[in-house]
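Examination of the molecular architecture
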Amino acid sequence: MQVFKAFFKVQKRYMIPAIMFTLMGVLMLIMNYAMAHRSTSDNGFQSMSLPIYLTDEDQSEVSSLLADYLRRTHKVDEAECSDEMLTERLYYQDLAAAITIPKGFGQAFTDKNTGDRMEIRSVVDEGLAEGHMLNLQLKSFLNSMYAFYHSGMSLTEAAAQAEQTQASDNYVSLVREATEEGTVNERSGESTSRLLFIFIPYVIMCSVFGSLLPAVMSFGESEKKRRENASGFAVWKRSFALAFGSLVFALAFCLIYVVILAFVCGSETFSEMWWLMALNLLIFTFSTVMMMAFLSVIPLKASVLSSIVSTVVSLGFAFLGGLFVPMQYLGEGVKMIGRFLPTYWYATAVEALDKGKGFASVLPYFGIELLFGLACLAIGLALSKASERAG
Amino acid sequence: MAETVVKITNLVKRYKELIALDNFSLEIQKGEVFGLLGPNGSGKTTTINCLLTLLSYDNGEIELFGEKMTSKRNDLKARIGVVPQQVAVFEELTVYDNIDFFCGLYIKDGATRKKYVEDAIEFVGLQEFTKFYPKKLSGGLLRRLNIACGIAHKPELIIFDEPTVAVDPQSRNKILEGIANLNAQGATIIYTTHYMEEVEQLCSRILIMDHGKKVAIGTKDELKGMIKNTESVVVNASDLEPAFIEKIRALNHVYDVSYHDDTLTVKCSGGKHNIVHVVDCFADNDVKYRQIYSILPTLNEVFLEITGKQLRDND
């Protein structure tokens, strides 16, 4: 109890980094929360009016209806323009696309027996999304108009109906995905829980390495240890008190975030996915404390080591593990390195849970996280024993 | 007969090829202030570490308070206090909390511990600094805190490992007075230092060790008696003739004479009133001198003659 109480008194002196990192964590939570809510709202999308060049070689009823539709939705330029000039305007992004309605397009469109409809010629800048979006819009409009016309409407009615279909609000429907266990989860990925849980390990690492590590190292200084060992105070009692104190401290931090996340995850809170993500965070916290035990035997000044580890190592682990950048954007080389880090398995577990996977699927990831921590702890204990023998 | 507090018999400690302690034996009686002297690497710290069971040893036996000392004898460890050479306190705890922590490793009862901590604070004179953090204390006050942490549980045997290194003279005197007081209160002291004057002032018995072996042991007078030089007569005089110096050399008990920079040093071995014989010689030969005085040998000279090394050979 004596060491345990003293540990918290020592710990109190290193609370500034812990408070700082907690504030940073809360700030990141707020930002991610705001981002999550903005990106999942369908009201966030707005139609865009793009500058396009239009040539109507067909001059049919169909082509004029299409041209009218384009004029209403985009800024259409129909003035005479050479091919070189068009290329130049596309290059300088003065135009998003150059569209040509070829001769015979209207006839092919109205003829039901024509197997392949004549395509509109559209030149876009391949590097820009706007051109592709415009092509999709055109294709969608023509498909709708074609369907309405051949179902019995007049060309004018079909065009009006197709335009209305294009203009109407689109709602995102949730994909019903069957999990391996046979249960059904209504998720398409990128849940609020995923967005909020994914980066918490970084803040936990910063807090543990920035605040807990120097306190533990203070107890490990050789002269103090010598004094304690000379007193007859059992080494195992001391080690147990330090381990227990470290866990209490780290779990307190973990709990702060879990409580905040319980409030901000909305309807997802206390769902199976949320609980498993919280369990994942708890396991990662255990693993981080064990990593800290390994780091505490490195013979460097506590303040130097703690600042190096809490910045460089935490950041490195976060990036390589895919906490800041989604897994799909990480290169194969980075992923290969990441596989040796607990952050990678934490992020993998979060992504799996986000996709509706259950406990059985993520259990191996939890195990790897714990194994990493245990390996660090074992190395730390071996190094500590070796240095005691040498000293 | 005095109680034997520490008994070390034929202790051997090897670090691979190096023999740190070579059949080292020692006995310390209750109430002694025992000085352990030796150059760096002589085996002082190894002896203390073996005594505290911080190090295992290859051969020999250690008894404390008449009982065999092993690493599991926490009851015996509780009767020892250690004041390490380097200040070993928590920068993150106040003066009071530091003493309370180290005292708490021995004393579980809260009320007793509180009293012991307050006694220790008063003993080292840190009453005004109880809420200070070590960083705010001067070197001398820090040393006193280091001592308080080692003695707060009122041990019967206290080991001081160079407690006055880098301490100002005023604080050093306070520390030495404190150690003398602890001894007066009944504690047995083992004191290692590089400062010979402290040993002369404080220790009732002294052991000089080198290469892991006991070189000499005894009171300071007994040790001084072990060396050839018993008195040095120093004379300040100009232009002394070689023939006159030879006359001085021929005096009884004189075994060495040197003359540099108008200073004649006459080293004597044994005999009484050697200074009178030198003064008579100057008068008989009608040679003038400005100043004459006698120097008795110091422990430093004893150490130098016995070990062939300066005690503070790292300086």
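For every chain, the first residue of its written sequence is number 1, and the numbers climb from 1 along that sequence. Numbering of ligands from 1 and lettering of chains from A proceed in the order in which they are written. Where local features are concerned, this predicted model is filtered to residues with pLDDT of at least 70; where side-chain atom pairs are given and counted, the filter is 80 or more; whole-chain, interface and lining totals use all residues. Values reported for side chains reflect all heavy atoms of the structure, with hydrogen atoms and water molecules removed beforehand.

**Points about the interface of chain B and chain A**
We call two residues in contact when some of their heavy atoms are within 4.5 Å. In this complex, chain B contributes 31 residues to the contact, which on the side of chain A involves 19 residues. Summed over both sides, the interface between chain B and chain A buries roughly 2,300 Å², with carbon and sulfur atoms accounting for 58% of that surface. Throughout this description, a polar contact denotes any pair of N or O atoms lying within 3.5 Å of each other; where both atoms belong to protein, one of them has to be capable of donating a hydrogen while the other can accept it, and for residues adjacent in sequence the pair is counted only when both atoms sit in side chains. The interface formed by chain B and chain A holds 10 residue pairs in polar contact (both at pLDDT 80 or more) in total. Helix and strand assignments follow DSSP, with helices taken as H or I runs no shorter than four residues and strands as E runs no shorter than two, numbered in order from the N terminus. Those elements that provide at least two residues to the side of chain B that touches chain A are helix H1 (44-51), helix H2 (74-77), strand S6 (80-83), helix H3 (95-104) and helix H5 (139-151) of chain B. For the side of chain B that touches chain A, the element with the highest residue contribution is H3 of chain B, accounting for five residues. Across the side of chain B that touches chain A, the residue classes tally to 17 nonpolar, seven polar and seven charged. Buried area: the sum, over both parts, of the accessible surface (1.4 Å probe) that disappears when the two are put together. Residues are grouped as follows: Ala, Val, Leu, Ile, Met, Phe, Trp, Tyr, Cys and Pro are nonpolar; Asp, Glu, Lys and Arg are charged; all remaining types, including Gly, are polar.

**Regarding the sheet that holds strand S1 (residues 4-15) of chain B**
Residue and element names in this part refer to chain B. Two strands qualify as a pair provided DSSP detects at least 2 bridges between them. Strand order in this open sheet of four strands is S2-S1-S4-S5, and the pairing throughout is antiparallel. If you trace the sheet from one side to the other, it starts and ends with strand S2 (18-29) and strand S5 (67-68), each paired once. For helices, the axis comes from a line fit to the C-alpha atoms of the stretch in contact; other axes are also lines fit to C-alpha atoms, and the angle between any two N-to-C directions lies between 0 and 180 degrees. Across the sheet, H1 lies against S1, S2 and strand S4 (59-64), angled at about 115° from S1, the strand it touches most.

**Points about the packing of helix H3 (residues 61-73) of chain A against helix H7 (residues 155-167) of chain A**
To describe two helices that pack against each other, one gives the angle between their axes and the distance between the axes. Residues and elements named next belong to chain A. Packing of H3 against H7 brings their axes to within 10 Å, and their N-to-C directions diverge by 30°. When the interaxial angle is binned, H3 and H7 end up roughly parallel. Crossing of H3 over H7 shows right-handed handedness. Within the contact between the two elements, H3 uses Glu 61, Val 62, Leu 65, Tyr 69 and Arg 72 and H7 uses Leu 155, Thr 156, Ala 159, Glu 163 and Gln 166. Oblique is the label for any angle not covered by the other classes, which are roughly parallel (under 35 degrees), roughly antiparallel (over 145) and roughly perpendicular (65 to 115). Left-handed is the label given to a crossing in which the near helix is rotated counterclockwise from the far helix by less than a right angle, and right-handed is the label when the rotation is clockwise.

**Some thoughts on unusual backbone geometry**
Outside of glycine, negative phi angles account for most residues, and trans bonds account for most peptide bonds. All names here are of chain B. Notably, His 211 is not glycine yet its phi reads approximately 55°, a positive angle. In this fold, His 211 is placed in the loop between strand S9 (205-210) and strand S10 (213-218). Buried, partly exposed and exposed residues are distinguished by accessible area as a fraction of the type maximum, computed with a 1.4 Å probe on protein chains only: under 20%, between the cut-offs, and over 50%, respectively. Assessed through its relative accessible area of 56%, His 211 is described here as exposed. A positive phi is found at Asp 262, a non-glycine position, where the angle reads about 60°. You can see Asp 262 is positioned in the loop between strand S12 (254-260) and strand S13 (263-268).

**Thoughts on the confidence of the model for chain A**
Residues and elements named next belong to chain A. Per-residue confidence from the predictor is given as pLDDT, running between 0 and 100. Of all residues in chain A, 89% attain a pLDDT of 70 or more, and the chain-wide mean is 83. The lowest-confidence element of chain A is strand S6 (residues 184-186), averaging 40 in pLDDT; the highest-confidence one is helix H12 (residues 272-295), averaging 93. Under a pLDDT of 50 for its full length, residues 40-45 has, in the predicted model, two contacts with residues more than four places off or in other chains. Within the model, the stretch residues 169-188 combines pLDDT values under 50 with 28 contacts to residues more than four positions away or in other chains.

**Quick notes on empty space enclosed by the protein**
Using a 1 Å grid laid over the protein atoms alone, points where a 1.4 Å probe fits but cannot get out form a cavity; open sets with protein on both sides within 12 Å along at least 5 of 7 lines form a pocket; any residue with an atom within 4 Å of a point counts as lining. Grid points are joined across faces, edges and corners, and a volume is the space filled by probe spheres set on the points. On inspection of all chains with the given rule, the structure shows two cavities of 30 Å³ or more. Forming the walls of the largest cavity are Arg 227 and Ala 230 of chain A together with Gly 81, Val 82, Phe 102, Leu 105, Tyr 106, Cys 149 and Gly 150 of chain B. When grouped by side-chain class, the residues that make up the lining of the largest cavity number six nonpolar, two polar and one charged. Of the volumes computed, that of the second largest cavity is approximately 40 Å³. Around the second largest cavity sit Ile 8, Leu 26, Leu 36, Thr 47, Ile 48, Leu 51 and Ile 190 of chain B, which together line it. Counting residues per element, the lining of the second largest cavity draws most heavily on H1 of chain B, at three residues. Looking at the lining of the second largest cavity residue by residue, the classes come out as six nonpolar, one polar and no charged.

**Some remarks on the packing of helix H9 (residues 200-220) of chain A against helix H11 (residues 235-264) of chain A**
Residue and element names in this part refer to chain A. Close contact between H9 and H11 brings their axes to 11 Å; oriented N to C, the two are set at 155°. For the element pair H9 / H11, the angle class is roughly antiparallel. Read as a crossing pair, H9 and H11 show a hand that is right-handed. Between H9 and H11, the residues in contact are Ile 200, Val 203, Ile 204, Ser 207, Val 208, Ser 211, Leu 212, Val 216, Phe 219 and Gly 220 and Arg 238, Leu 242, Ser 246, Phe 249, Ala 250, Phe 253, Cys 254, Tyr 257 and Leu 261, respectively. Partitioned by chemical class, the residues of the contact of H9 with H11 number 14 nonpolar, four polar and one charged.

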